[in-house]
Amino acid sequence: MGKFPLFPEQASTFAPEVDHLLFFLLAVAAFFTLLIFAAIFFFAVRYRRRSHGELPEVQHGAMTLEILWTAIPFGLTMVMFTWGASIYFREARPPDDALQIYVVGKQWMWKIQHMEGKREINELHIPLGRPVKLTMTSEDVIHNFFVPAFRTKQDAVPGKYSTTWFQPTKAGKYHLFCAAYCGTRHSAMTGWVYVMEPRDYANWMRGGESTGSLADDGAKLFQELACVNCHKADNHGRCPSLVGLFGSTVKLSTGGTVKADEAYIRESILQPNAKIVAGYPPAMPTFQGLVTEEGVLQLVEYIKSLGPSPAALGGAR
Amino acid sequence: MTPAVDVERETYLNAGHDLKSWLLTKDHKRIGLLYLFTITLFFFLGGAMATMIRLELMTPQGGLVSSETYNKLFTMHGVAMIFFFLIPSIPAVLGNFFLPMMIGARDLAFPRLNLISWYLLVIGGLFAIFAMLAGGVDTGWTFYTPYSTTYSNSWVIATALGIFVAGFSSILTGLNFIVTVHRMRAPGMTWFRLPLFVWAHYATALIQVLGTPVLAVTIVLLLCERLLHIGIFDPKLGGDPVLFQHMFWFYSHPAVYIMVLPAMGVISELVSTFSRKPIFGYKIVAFSSVAIAVLGFLVWGHHLFVSTQSVYAGMVFSFLSYCVAIPSAIKVFNWTATLYKGSISYATPMLYAFGFVGLFTIGGLTGLFVACLGIDVHVTDTYFVVAHFHYIMVGGAIMAYLGGLHYWWPKMTGRMYPEMWARLSAGIIFLGFNLTFFPQFILGYLGMPRRYHVYPPEFQVLNVMSTAGASVLAVGYLMPMIYFIWSLRYGKVAPDNPWGATGLEWKTASPPPLHNFDETPVVTHAAYDYSTVTGEGIDFG
């Protein structure tokens, strides 16, 4: 036993914010709980039945009271709503300079890939003070990436990408839990998040076996899966060139358009016929079952590394 | 009071003694007792599983059962308690028995349908029990996809079919109640003379009829994917797993109100009777039931704040969830105000009513935490949520059910339960409940996820407290079981109106005659007019 905490550690910028909101709600809840308990206790004693068959005078209710105890709780809940929504809104918007990390949930482990190519299982090393954005998916069932010390939690859903972000504020080792029930060894799908001083983080990143970056792995996969045979860089292949694809707007055969983001690229690899680029035949076979979710993420990273589209660059300047 | 000579007075209980007279009865009172018997069985089944869960969680390593067994225990605990105990509990037992009597009717509108609905619950229950005996199901009572459709190797189909069939029991009961309240009210029983118990059951019936079919559809789709591999929810088959959550909670959130609205109806009766005053703000309490039923359909998305639902949808659902909290708060304030200048008795049912209001207040207020987007992201899928919904469902619905059972026991059986034992058990249940579930709020905020067989050692102290509380709670639940049975033979003979209550059910004999009333009552007063019953009732101080 030993340790017996009653309150979780605060290790991200969100943690104190969520806790302040919690204290506000606790104060309101404590006030009303005491009010109701005290009123019941007081009335029950004060107006206890003294004689058998006594008949108290009738009160049929009072509109002012009803309005009062409707309006005051409603006002308080709207404060809770607005405050809670503003935190949620910021939790949904990772800053642009956030460190990108990919997470794949799988019965019953967390697989993590860093941009530089480093991979970990059930451990996540991140530098102190820098916003970190996780892009997540699942190989099988729904999982949930939960770090109590950061007060953040996000489902990793098969078939789509979800994101979450946090900015660690304290070096240390924190619990990582899978919070969405995922089968027999759900409670073993846990790990640790290590928040490191930037220098230690840099050392850690350099250590271990050196592999290429995530984009390099994607490039290898691009060869192995023979994607390169059709998707040639110069637009003379049977398929559209992928140079400058990421972030651009793609015209579809249906006449519509789609923004080429991670989800679009993932879908085009696994379900190529879902959205056909205008001017090209639906010739691509599906790679479902041939490439893992981690592999898809490497391919996405490779395609990203082929450069942003000229239009996107223009927009940024 | 009943003259002492009616030794051979015909009651619904002695109208037939053989098994057939029970199994083929069309009497709403006997069907109510059939339900009572059935759901009590499921309550103790679900309770046995809860006991195993709490014993396992005394140690962090998980040595008592395997992870596989643990997952099956919490799944079947949830299935038994929610679908086969809580949803039928108050409506099918107390509602069945007393809704017709309270409006002065001889029976429900469709007595045969009422019997069929009991059989449907039994058939559904047999499916579920078969699944348990055959090896169990391990999906969690929420059956989230694609785990339930593709990955689980347990008895998903049998359990889901059981819930599907039991759902029709709920639909038919709701339908029966709606038609009965519209068509069978005694002369003079206008809508605003209805006891609040009836208003609450009417609102509940609307949810049962409108919500339960969605659950049926969801189960059919789940079976289609699991059996026929039609891609609906599993992305590998081209489906969307989050779609399941929307459909499931579209029923299962309103289902919380199927459990708690009837409980609120019971509490209105108890608070009024034992303070001898009409409920403060009768019409507002009545309409708040309807408001809860309507708004309850619009909040399902608050279960999906971390499920990749859009940020804006999350905001809308958070806002609406706060709106549905208001009518519940209004009820609590009105019950409390009813006590003011009342003549308050501490009879057992009132102790349960006090317990309900207190625990429901905590349950409701912690609902504000989980409706709050910023906080829910942290506490969802943790023990905070487990504690919150047990405060509503056990602290709320079961306290009210037991309060109602004590209140109407003399009418149902013609016998009084032993008052001192009953007060003692009410106290034990209140203490045991808080000791079990309050530590779970702290555990949840600390970050202990729910459905964890093995957990980090720093959570052990609070888990041990919770388990200690659960053993107190178990004693509290076993006591009524024993003294209720004891009272059938040895309890004091109950007068017609032991509490000096106003409802029509107290204006007939205890136990009631076969057709409830010797002549159809004519209603001339609003509900809860105690000037008509002065001088009656047993003195409980």
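Criteria and cut-off values
- Residues numbered from 1 in each chain as written.
- Chains lettered and ligands numbered in written order.
- Predicted model: local features only at pLDDT ≥ 70, side-chain atom pairs only at ≥ 80, totals over all residues.
- Helix = DSSP H or I, 4+ residues; strand = E, 2+ residues; numbered from the N terminus.
- Buried ≥ 20, exposed ≤ 12 C-beta atoms within 10 Å, placed from the backbone.
- Contact = placed C-beta atoms within 7 Å.
- Domains from an automatic or database assignment.
- Nonpolar A, V, L, I, M, F, W, Y, C, P; charged D, E, K, R; others polar.
- Axes fitted to C-alpha atoms, helices over the stretch in contact; angles between N-to-C directions.
- Parallel < 35°, antiparallel > 145°, perpendicular 65-115°, else oblique.
- Left-handed = near helix turned anticlockwise from the far one by under 90°.
- Core = buried A, V, L, I, M, F, W, Y, C linked by C-beta atoms within 7 Å.
- Pairing = 2+ DSSP bridges.

Right, let's talk about the overall build of chain B for a bit. In terms of regular secondary structure, chain B is built from 15 helices and zero strands. The buried share among the 541 residues of chain B stands at 63%. Of the contacts formed within chain B by residues at least 6 apart in sequence, a portion of 84% connects residues at least 24 apart.

Attention now goes to the domain arrangement of chain A. All names here are of chain A. Segmentation of chain A into domains returns domain 1 (9-35 + 76-211) and domain 2 (214-316). On a C-alpha basis, the centres of domain 1 and domain 2 stand 29 Å from each other. Taken residue by residue, the interface counts 11 residues in domain 1 and 10 residues in domain 2. Elements supplying a minimum of two residues to the side of domain 1 that touches domain 2: strand S1 (99-106), strand S2 (109-114) and strand S5 (132-138). In terms of residue class, the side of domain 1 that touches domain 2 is built from four nonpolar, four polar and three charged.

Let us look at the packing of helix H8 (residues 241-275) of chain B against helix H10 (residues 311-339) of chain B. Residue and element names in this part refer to chain B. Look at H8 against H10: their axes get within 9 Å of each other, and the N-to-C directions meet at 15 degrees. As judged from the angle between their axes, H8 and H10 are roughly parallel. When the axes of H8 and H10 are compared, the crossing they make is left-handed. Residues Met 264, Ile 267, Val 271, Ser 272 and Ser 275 of H8 touch H10, and the partners they reach there are Lys 331, Trp 335, Thr 338 and Leu 339. Its residues assigned to classes, the contact of H8 with H10 comprises five nonpolar, three polar and one charged.

In this section: the interface of chain B and chain A. Contact residues are listed per partner, giving 81 residues for chain B and 77 residues for chain A. Among the elements that take part in the side of chain B that touches chain A, H10(B) stands out by supplying 15 residues, more than any other. Considered class by class, the residues forming the side of chain B that touches chain A number 47 nonpolar, 26 polar and eight charged.

Note on placement: Asp27(B) falls in the loop between helix H1 (19-23) and helix H2 (28-56). Asp27(B) sits 12 residues away from Ile39(B) along the chain, and the two C-alpha atoms are 18 Å apart.

Here we take up the packing of helix H11 (residues 348-371) of chain B against helix H14 (residues 419-446) of chain B. Residues and elements named next belong to chain B. Viewed as axis vectors pointing N to C, H11 and H14 meet at an angle of 10 degrees, and their least axial separation amounts to 9 Å. Judged by the angle between their axes, H11 and H14 are roughly parallel. Residue-level contacts link Thr 348, Leu 351, Tyr 352, Gly 355, Leu 359 and Thr 366 of H11 to Glu 419, Ala 422, Arg 423, Ala 426, Phe 430, Phe 433 and Phe 441 of H14. Classifying every residue of the contact of H11 with H14 gives eight nonpolar, three polar and two charged.

Take the nonpolar core next. If you look at the biggest cluster of nonpolar residues, it comprises 252 residues, and the most contacted ones within it are Val103(A), Ala80(B), Ala263(B), Ile267(B), Phe356(B) and Val357(B). In terms of residue count, the dominant contributor to this core is helix H3 (residues 67-102) of chain B (22 residues). Two domains each provide a minimum of three residues to this core, namely domain 1 (9-35 + 76-211) and domain 2 (214-316) of chain A. Those residues in contact with Ile267(B) that lie beyond four places of it in its chain are Trp335(B), Ala353(B), Phe356(B), Val357(B) and Ala400(B).

Another point: the sheet that holds strand S7 (residues 152-156) of chain A. Residues and elements named next belong to chain A. The five strands lie next to each other as S4-S10-S9-S6-S7, forming an open sheet whose pairing is mixed. Strand pairing shows two members of the sheet lacking a second neighbour, strand S4 (123-127) and S7, which therefore form its edges. In this sheet, neighbouring strand axes are inclined to one another by 20 degrees on average, regardless of whether the strands run parallel or antiparallel. Two elements, strand S9 (residues 172-178) and strand S10 (residues 191-196), share five bridges in a ladder whose sense is antiparallel. Residue pairing across strands places Lys 173 opposite Tyr 194, the latter belonging to S10.

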